[in-house]
Amino acid sequence: MKKKFYFLTLFFFLTHKGHSFEFKSTPEQVKVIELYSSEGCSSTPPADKWLSSLRSSKNLWKTFVPLKFQVDYWNYLGWTDSLSKKEFSKRQRVYQDVGNISSVYTPGVLLDGKELRSWRFNYVPKKSEKRVGVLSVSSDDNENLEITFKPEENPHNLIVHVALLGNNISHKISSGENSGKTLTHDFVVLEKITYPLKEEKNIFKATGTIPRPLKNESARKSIALWVTSGENPTPLQATGGDI
């Protein structure tokens, strides 16, 4: 009985051990799409559907990284968005404060930190020719991260943002402007954390962990990383993939 118990324990460990992954950007800038959305706003479902459609693009993670931030400032309209966070609303307002967007609204779409309105025409970002450096992330256990950034120039005060994204999350809305609809979310930010990048011989490095949500909103998850400089929220480089 003891040998059998040992075998079962070893089998459980081997089959449940986190898998490894590695994602790496090209030297050219990987574009970052940010959608600011809310389940309480009747204008957002078309934008949600458009962002989800990018899942089928062959350039996903290669030339662009999509992010959806659910804001909380429409929660008073009769439906509380369970995916919304005050910090995501603040992030959108910071873009307004630095002059990157004219006003705070939903659906609000940004491309590389700048306001984008052409998403309404089935927009898919084209490959950038701008060389900014290579951002890479690896994990041996699907939890702990090794992050490196090799910039083309020598920026200062670099910060790396790590977000856990949920996919194919469906919520049936029972009140508010979208009452009666079932809304589906892809690339939605569940949790986000930042780490300072420390320079070592012209290479910037950080270690960290994948942020985990308090509840399991999705069995299909992705990870996205992007680098910024100082207080400016504009992404410099990005990478990511499904985990």
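Here the structure is a predicted model, which is why all the values come from computation and not from measurement.

A. Structural context of helix H3 (residues 86-97). Taking 1.5 Å as the rise per residue, H3 with 12 residues should run 16 Å; its terminal C-alpha atoms sit 16 Å apart, in good agreement. Elements that come into contact with the buried residues of H3 comprise strand E2 (31-37), strand E3 (64-70), strand E4 (108-111), strand E11 (188-196), strand E14 (220-229) and strand E15 (232-242). Once H3 finishes, Gly99 follows within two positions and takes phi at roughly 85 degrees, a positive value.

B. Fine view of unusual backbone geometry. Here the amide bond leading from Thr106 into Pro107 is cis, since omega sits at -10 degrees, within 30 degrees of zero. In this structure, Trp61 takes a positive phi of about 75 degrees despite not being glycine. Of note, Asn122 is a non-glycine position whose phi angle comes to about 55 degrees, a positive value. Within the element layout of this structure, Asn122 appears in the loop between strand E5 (114-115) and strand E6 (133-139).

C. Inspection of the sheet that holds strand E7 (residues 144-151) at higher detail. With antiparallel pairing, the 5 strands of this open sheet are ordered in space as E1-E6-E7-E13-E12. This sheet does not close on itself; its edge strands, each paired only once, are strand E1 (21-24) and strand E12 (198-200). This sheet shows a mean twist of 20 degrees between the axes of neighbouring strands, independent of strand direction. Two strands pair when backbone bridges link them, and E1 and E6 are joined in this way by 4 bridges, in the antiparallel orientation. The residue of E6 that forms the bridge with Phe23 is Val137.

What counts and how
- Residues numbered from 1 in each chain as written.
- Predicted model: local features only at pLDDT ≥ 70, side-chain atom pairs only at ≥ 80, totals over all residues.
- Heavy atoms only, no water.
- Helix = DSSP H or I, 4+ residues; strand = E, 2+ residues; numbered from the N terminus.
- Expected span 1.5 Å × (residues − 1).
- Contact = heavy atoms within 4.5 Å.
- Pairing = 2+ DSSP bridges.
- Axes fitted to C-alpha atoms, helices over the stretch in contact; angles between N-to-C directions.

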